[in-house]
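Per-entry structural report
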Amino acid sequence: MSDAEGLSPLVVERLVVKNFRNLERVELEPGPRFNVLSGDNAQGKTNLLEALYVGLTSKSFRVSRPRDLIRQGAEASSVRVVLRDGPMAREQRIGLTSRGRVAYLDETRVRALAEYAVRSPVVLFHPGSLVLSTGGGMERRKLLDRLAMYGSPVSFVDLRGYTRALRMRQRVLESRGPLARDLEGWEELVVRHGLALVGWRLDALEHLAGEAVRAFGRVAPSRASLELGYERTTPGDMATYRAELVQRREADIRRGGASVGPHRDDMRVVLDGGAGRLMASQGQHRAVVLALKLGELAVLARSRRVWPLLLLDDVSSELDAARTEALFAHLRDERGQVFLTTTRRELIELPADLSVRVYFRVVSGGIERD
C-alpha cells in the first residue's frame, strides 16, 4: 500500500486491567511489534485480548452486557490503555459497572461512545470472524458500517437515525395501523437516512474491495478469484423508496419489520463467479475472512493515517498452516503492533529478530514475560 508508506503505527505502551473476567489486576508493557500471549486454555489469554479491545472501543467482541465482563465478586471493572499515536502520547480509559460504561479520553469524559470507539483504529480476528464468509449478512454490514464510521464519523449519524426511524415506524404500524398520520414522517426519515447509509457503505466497499482482493491473492489456497459487491433491497431513489414503504405497510406488520432497506442489504462475496457462502471450501472461507481483515487493516491505515492495531485470537487453530504462514509473511512486511493469543507458541512464525517480538505467559489470570 504505497500511499501508507511512512505512516507511524498506533502503539499500546501500557495496559492496566482491573477485575475483568478472571483478571484481578494485570499490568502489561507490550513491545512495539509482535506480542504473543501463550498458555493453556481457560487461563485468560482471550480475556486479556478482550480487555484491550474494550479499552480501545468500549465494546466486547464476545458479550453485549458490561456486567458480564466484571470479575465475579467485584462491583466494577476498568481498563486503561496508554498509547503512542505518532508523536503524541494519550490515554483511553473505560469503567464498567452493572449499570453500563463510562469512557474517558485522557481525563475528559466522553458522552458519545461512538466517538470513543473510532479514536484508535483496531482490527480483530477471532473465531467468530469466520461468519463474515459463512454466515448471514449482519456481520458483513457491520464491517462496512465500521469502515464508513472510521473514514467519516458523520456516517454514524445516518446509521443511528435510520435505526431509530425504522424502529419508530414499526412501533407505529403495530400500535396504530397502516393509516396512522405520523407514519409519513417516520418513513421520510427512513428514506433520507437509509439512502445516505447505502452511500456510505458503497464508498467503504469501494476502498475495501481493492485491498481485500489483493490480500486474497496472497493468502488464497489456490488460484481462486475473489470479487466483492453490494446486494441491495434498498430502492435507488427517494420517490421509489417512499412508495415501497407505503405499499409494504400491511406486510411489514405481519412480518414484524421492514422488508426493504439497508438493514436487509448485504455485501456479496463471489468466488470464481459463484456465491462464496454456498460454494467455498473451508480453506477458501478462511482465506476470504483473512483477506477481508487485511483489507480492513489497509483501509483504516489509509483513512486514519496511522497503522491500526491488530488483535489475533487463537489464529493458529482458526487458520490452517498455509494460511497462518501467509498471514505472518504479510505481517512481517507491515509496521503495525500485533497482539496474538495461542496455546502453541511454536506454530507462530515470527521474525527471528528478538527485538520485534515479546512473549508473555498467561496462567490463571496472571501474566508474566516469558
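None of the values given here were measured: they were computed from a predicted structure. Throughout this document, residue positions are counted from 1 along each chain, in the order its sequence is written. A pLDDT threshold of at least 70 governs which residues receive local features in this predicted model, and a stricter bar of 80 or more applies before side-chain atom pairs are shown or counted, although totals over entire chains, interfaces and linings include all residues. Only hydrogens and water are set aside; all other atoms, that is, all heavy atoms of the structure, feed into the side-chain values.

**Brief notes about the overall build of the chain**
Each helix and strand in the chain was counted, giving twelve helices and 15 strands. We compute the radius of gyration over the C-alpha atoms and compare it with the globule rule, which gives 2.2 Å times the number of residues raised to the power 0.38. The C-alpha radius of gyration computed for the chain amounts to 22 Å, which stays within 12% of the reference 21 Å derived for 370 residues, consistent with globular compactness. On the principal axes, the C-alpha backbone points of the chain span a range of 70 × 55 × 40 Å. Counting across all 370 residues of the chain, residues that qualify as buried make up 53%. Approximately 16900 Å² of the chain is accessible, and the part contributed by carbon and sulfur atoms is 47%. Helical segments are the DSSP runs of H or I of at least four residues, strand segments are the runs of E of at least two, and each set is numbered from the N terminus. When a residue's accessible area, from a 1.4 Å probe over protein chains only, is under 20% of the maximum for its type it is buried; when over 50% it is exposed; and in between it is partly exposed. For accessible areas, the Shrake-Rupley method is used with a probe of radius 1.4 Å. Any residue's cover is judged against the shown protein chains and nothing else.

**Describing the nonpolar core**
Among the nonpolar cores identified, the biggest contains 91 residues, and L208, L228, L312 and F328 are the most heavily contacted of them. Any two residues having at least one pair of non-hydrogen atoms within 4.5 Å are treated as being in contact. Here L312 is in contact with L49, F125, L327, F328, L331, V338, F339, L340 and T341, once residues within four sequence places are set aside. What makes a nonpolar core is a set of buried Ala, Val, Leu, Ile, Met, Phe, Trp, Tyr and Cys residues whose side-chain atoms join them at distances within 4.5 Å.

**Let's talk about the sheet that holds strand β4 (residues 76-85)**
Pairing between strands is defined by DSSP: at least two bridges between the two strands are required. Read across the sheet, six strands follow the order β2-β1-β4-β5-β6-β7 without closing on themselves; strand pairing throughout is antiparallel. Sheet topology places β2 (23-28) and β7 (108-110) at the edges, where each strand pairs with a single neighbour. Across this sheet, the average inter-strand angle for adjacent strands is 20°, counted without regard to direction. Docked against the sheet, helix α1 (residues 45-57) engages β1 (10-20), β2, β4 and β5 (88-97), running at close to 110° with respect to β1. Under this scheme, a helix contributes an axis fitted over its contacting stretch, all axes are lines through C-alpha atoms, and angles between N-to-C directions fall in the 0 to 180 degree range.

**Regarding the packing of aromatic side chains**
Paired rings are identified among Phe, Tyr and Trp, the last through its six-membered ring, by centres lying within 6.5 Å, and are further divided according to the angle between planes into stacked (under 30 degrees), edge-to-face (over 60) and tilted (the rest). For the coordinates displayed, the defined rule picks out one aromatic pair. Their ring planes at 80° and their centres at 5.6 Å tell us that Y53 and F61 sit as a pair that is edge-to-face. Judged by relative accessible area, Y53 falls into the buried class, the value being 14%. The positively charged end of R93 is found above the aromatic ring belonging to Y104, 4.3 Å away from the centroid. Two limits define a charge over a ring: the Lys NZ or Arg CZ must be within 6 Å of the ring centre, and within 35 degrees of the ring normal.

**With respect to the pairing of strand β12 (residues 309-312)**
Here β12 shows no split at all, with L309 and L311 on one side and L310 and L312 on the other all buried. The sheet contact formed by strand β8 (residues 122-125) and β12 spans four bridges and is parallel. Directly across from F125, in β12, lies its bridge partner L312. With three bridges joining them, β12 and strand β13 (residues 338-342) adopt parallel strand pairing. What sits directly across from L310, in β13, is V338.

**With respect to the pattern of salt bridges**
Whenever Lys or Arg places a side-chain nitrogen within 4 Å of a carboxyl oxygen from Asp or Glu, that contact is recorded as a salt bridge. For the structure on display, the rule yields 25 salt bridges. A salt bridge links E91 to R93; its shortest N-O distance comes to 3.9 Å. By relative accessible area, E91 is classed as buried at 15%. A salt bridge links E139 to K142; the nearest nitrogen and oxygen atoms lie 3.5 Å apart.

**Examining helix α10 (residues 282-304)**
In this analysis, the expected span of each helix is defined as 1.5 Å times one less than the number of residues it contains. Along its 23 residues, α10 runs 33 Å from first to last C-alpha, staying within 8% of the 33 Å computed at 1.5 Å per residue. Of all 23 residues in α10, 19 are buried; the element is thus mostly enclosed. With its phi angle positive at about 60°, R305 sits one or two positions after the end of α10.

**Quick word on the packing of helix α4 (residues 138-151) against helix α6 (residues 183-219)**
α6 packs onto α4 with a crossing angle of 90° between their chain directions and a minimal axis gap of 8 Å. The angle between α4 and α6 places the two elements in the roughly perpendicular class. Where α4 abuts α6, its residues R141, L143, L144, D145, L147 and A148 lie against L197, W200, R201, A204, L205 and L208. Counted by class, the contact of α4 with α6 contains nine nonpolar, no polar and three charged residues. An angle below 35 degrees is read as roughly parallel, one above 145 as roughly antiparallel, one from 65 to 115 as roughly perpendicular, and any other as oblique. Lys, Arg, Asp and Glu make up the charged group, whereas Ala, Val, Leu, Ile, Met, Phe, Trp, Tyr, Cys and Pro make up the nonpolar group; the residues left over, Gly among them, are polar.

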